[in-house]
Amino acid sequence: MKRLALAHLPTPLHQPKKLAEAMGIDLWVKRDDASAGAAAGNKIRKLEFILADALAQECDTVITCGGIQSNHARTTAILAARLGLRAILMLRLPELTDDRQGAGVPLDKKKISPKGNVLIDCMVGADIRLITPQSYQRRTALMQAAAEQLREQGAKPYIIPEGGSNGLGAMGYVEAMREIREQLDLGAAEGKAFDVIVHACGSGGTSAGVALGAKQYQVAPHLIAMAVCDDEPTFEQRITDIIDECRHHDPQLGEAVSWQVDASAKGPAYAISTEAQRSCMLETAQLSGLLLDPVYTGKAFFGLWNLCRAGELQKQRVLFLHTGGLPGLLAQPHAFASHW
Ligand SMILES: *Cc1c(COP(=O)(O)O)cnc(C)c1O
């Protein structure tokens with residue numbers, strides 16, 4: 001399978017001691033928030049495989065989608081610029097009402113000052129097309145329509161699904177588990193496998209790759225995917241489908257470890273956090289220097305902390321996969337106004 005070397009690997013694996021003590025678990029953190037410079041986070045591991053495929057097909061344009069502050073869209077835009085590709089981002093804007101029948105409208109940078117991920121999208125010259133939440137439900141068809149239009153103009157477009165979550169992208173996390181196994185074998189984290197892996201789940205690709213790779217490389221026997229939106233059955237289906245797709249790419253892949261989706265920490269809605277979640281993010285940052293974000297990692301870590309408080313993980317060796325998201329935090333300073 002083709003793979004581009006884009007990320008800074010291996011990412012660190014370390015123990016935040018004071019935080020682990022406060023939580024009453026043997027906590028370790030895989031720092032995929034340090035997997036690159038501005039392109040850091042979990043998406044770069046998926047894009048190493050996906051963009052290798054796009055280049056192998058001699059494509060010159062990538063099209064993808066996500067929420068307005070999508071980390072996946074930002075990472076795709078940066079890597080596209082790095083590789084000399086054009087990037088088209090179809091981004092969902094909650095307050096938008098007219099998007100020209102789903103074709104999308106450009107971002108008026110004079111009216112809405114770009115911040116967080118969007119600022120970076122603009123810096124690297126991505127073609128942003130804003131769409132309504134209603135249109136977003138037809139995102140696959142809309143990306144196909146955009147691709148068709150590009151083909152008529154002589155371009156060679158490549159569509160990347162939401163979150164880079166397909167079988168090819170998920171291979172990035174099968175490989176991440178191999179990387180952790182190699183770190184353990186070299187003596188990191190006392191050289192011992194973990195009891196459970198916990199991470200934020202938003203489109204299912206990371207969970208699928210971790211579930212397969214954790215088994216293959218004996219990293220941990222169980223995975224808890226903390227959903228940040230939707231519900232458990234939706235993600236169970238999506239993750240199961242992506243696991244099947246991975247096996248299609250690599251028939252050598254065996255069983256997955258036992259895994260569960262936990263939607264108890266998703267909060268009010270996607271990208272909207274609670275007072276308690278933000279307090280947990282602040283306490284975590286002050287006990288460890290780990291910066292969580294209010295859309296993904298802050299919610300997942302809040303869910304982990306709740307499990308600890310309920311006494312469900314006492315003394316267990318827990319690996320928290322920090323999947324990034326810092327620009328999303330920087331886009332929400334207002335959310336913390338009541339915390340100072
Ligand atoms: C996309 C994302 C996730 C979720 O990963 P999926 O593979 O989409 O489930 C978690 N954390 C951050 C910071 C992300 O950007």
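Residues numbered from 1 in each chain as written. Predicted model: local features only at pLDDT ≥ 70, side-chain atom pairs only at ≥ 80, totals over all residues. Heavy atoms only, no water.

A. Representation of the overall build of the protein within the structure. Counting its regular elements, the protein contains 12 helices and 10 strands. The C-alpha radius of gyration of the protein comes to 19 Å, within 12% of the 20 Å expected for a compact globule of 340 residues. With the principal axes as the frame, the protein shows a C-alpha extent of 60 × 50 × 35 Å. Scored against the burial criterion, the 340 residues of the protein give a buried share of 57%. For the protein, the share of sequence-separated contacts (at least 6 apart) that also reach a separation of at least 24 residues comes to 79%. A total of about 14400 Å² of accessible surface is found on the protein, and carbon and sulfur atoms cover 51% of it. In the protein, the 35 positive side-chain charges and the 37 negative ones have mean positions that sit 4 Å from each other. (Helix = DSSP H or I, 4+ residues; strand = E, 2+ residues; numbered from the N terminus. Rg over C-alpha atoms; globule rule 2.2 N^0.38 Å. Buried < 20%, exposed > 50% of the residue type's maximum accessible area, 1.4 Å probe, protein only. Contact = heavy atoms within 4.5 Å. Areas by Shrake-Rupley, 256 points an atom, 1.4 Å probe, with all protein chains shown as cover. Lys, Arg positive; Asp, Glu negative; His and termini not counted. Charge placed at Lys NZ, Arg CZ, Asp CG, Glu CD.)

B. Quick look at the sheet that holds strand S7 (residues 196-201). Taken in spatial order, the six strands make up an open sheet running S1-S2-S10-S7-S8-S9, and their pairing is mixed. Looking at which strands have only one partner, the edges of the open sheet turn out to be strand S1 (13-14) and strand S9 (258-262). By the bridge criterion, five bridges tie S7 to strand S8 (residues 222-227) in an arrangement that is parallel. Note on S8: the bridge partner recorded for valine 198 is isoleucine 224. (Pairing = 2+ DSSP bridges.)

C. View of the packing of helix H2 (residues 43-56) against helix H3 (residues 71-83). At a minimum axis separation of 10 Å, H2 and H3 run at an interaxial angle of 45 degrees. By the angle class used here, H2 and H3 are oblique. The crossing of H2 and H3 is right-handed. Every residue of H3 that contacts H2 at Lys43, Ile44, Leu47, Leu51 and Leu55 is listed here: Asn71, His72, Thr75, Thr76, Leu79 and Leu83. Each residue belonging to the contact of H2 with H3 can be placed in one class, and the counts come to six nonpolar, four polar and one charged. (Axes fitted to C-alpha atoms, helices over the stretch in contact; angles between N-to-C directions. Parallel < 35°, antiparallel > 145°, perpendicular 65-115°, else oblique. Left-handed = near helix turned anticlockwise from the far one by under 90°. Nonpolar A, V, L, I, M, F, W, Y, C, P; charged D, E, K, R; others polar.)

D. Up close: the site of the ligand. The immediate surroundings of the ligand are formed by 16 residues, with Lys43, Lys46, Ser203, Thr206 and Thr323 found nearest. For the ligand, an oxygen atom lies 2.8 Å from a polar atom in the side chain of lysine 43. Measuring from an oxygen atom of the ligand, one finds a side-chain N or O atom of threonine 206 at 2.7 Å. Notes on the ligand: free accessible area 380 Å², of which the protein chains cover 98%. Contributing elements (two or more residues each) for the shell around the ligand: H2, S7 and helix H8 (205-216). (Near = heavy atom within 4 Å. Polar contact = N/O pair within 3.5 Å; in protein donor to acceptor, adjacent residues only side chain to side chain.)

E. Structural view of the pattern of salt bridges. Per the counting criterion, the structure on display carries 17 salt bridges. Aspartate 33 is paired through a salt bridge with arginine 31; the nearest N and O atoms lie 2.8 Å apart. For arginine 31, a relative accessible area of 18% gives the class buried. One salt bridge in this structure joins arginine 178 and glutamate 175, with 2.7 Å as the shortest N-O distance. Linking arginine 178 with glutamate 175, this pair stays in helix H7 (residues 167-185), spanning three residues, or about one helical turn. For arginine 178, a relative accessible area of 33% gives the class partly exposed. Linked by salt bridges that have partners in common, Arg3, Glu48, Glu175 and Arg178 make up one network. (Salt bridge = Lys/Arg side-chain N within 4 Å of Asp/Glu carboxyl O.)

F. Broad picture of the environment of methionine 90. Positionally, methionine 90 belongs in strand S4 (residues 86-92). Residues methionine 90 and alanine 34 lie 56 residues apart in sequence; the distance between their C-alpha atoms is 26 Å. Every residue in contact with methionine 90, bar those within four places of it in the chain, is listed here: Thr64, Cys65, Gly66, Gly102, Ala103, Arg129, Ile131, Tyr136, Leu142, Met143 and Ala146.

G. The arrangement of the packing of aromatic side chains in detail. Evaluated as defined, the whole model comprises four aromatic pairs. A centroid spacing of 4.9 Å and a plane angle of 90 degrees characterise the contact between phenylalanine 301 and phenylalanine 320, whose relative ring orientation is edge-to-face. With phenylalanine 301 in helix H11 (residues 297-309) and phenylalanine 320 in strand S10 (residues 317-322), this residue pair connects regions lying 19 residues apart in the sequence. Accessibility classification places phenylalanine 301 together with phenylalanine 320 in one group, the buried group. Aromatic rings pair up to connect Phe301, Trp305 and Phe320 into one cluster. The aromatic ring of tyrosine 296 is capped on one face by lysine 43, whose charged end is 5.5 Å from the ring centroid. (Phe/Tyr/Trp six-rings, centres within 6.5 Å; stacked < 30°, edge-to-face > 60°. Lys NZ or Arg CZ within 6 Å of the ring centre and 35° of its normal.)

H. Just the side chain of aspartate 250, in detail. Relative to the elements of secondary structure, aspartate 250 occurs in the loop between helix H9 (232-249) and S9. Notably, aspartate 250 is buried but unbridged: the nearest opposite-charge side chain belongs to arginine 178, and the N-O separation is 7.0 Å.

I. Structural detail: the environment of proline 12. Relative to the assigned elements, proline 12 resides in the segment before S1. Look at proline 12 and you get partly exposed, because its relative accessible area is 39%. Non-local contacts of proline 12, meaning those with residues more than four positions away in its chain, are made with Val29, Lys30, Arg31, Ala34 and Gln183.

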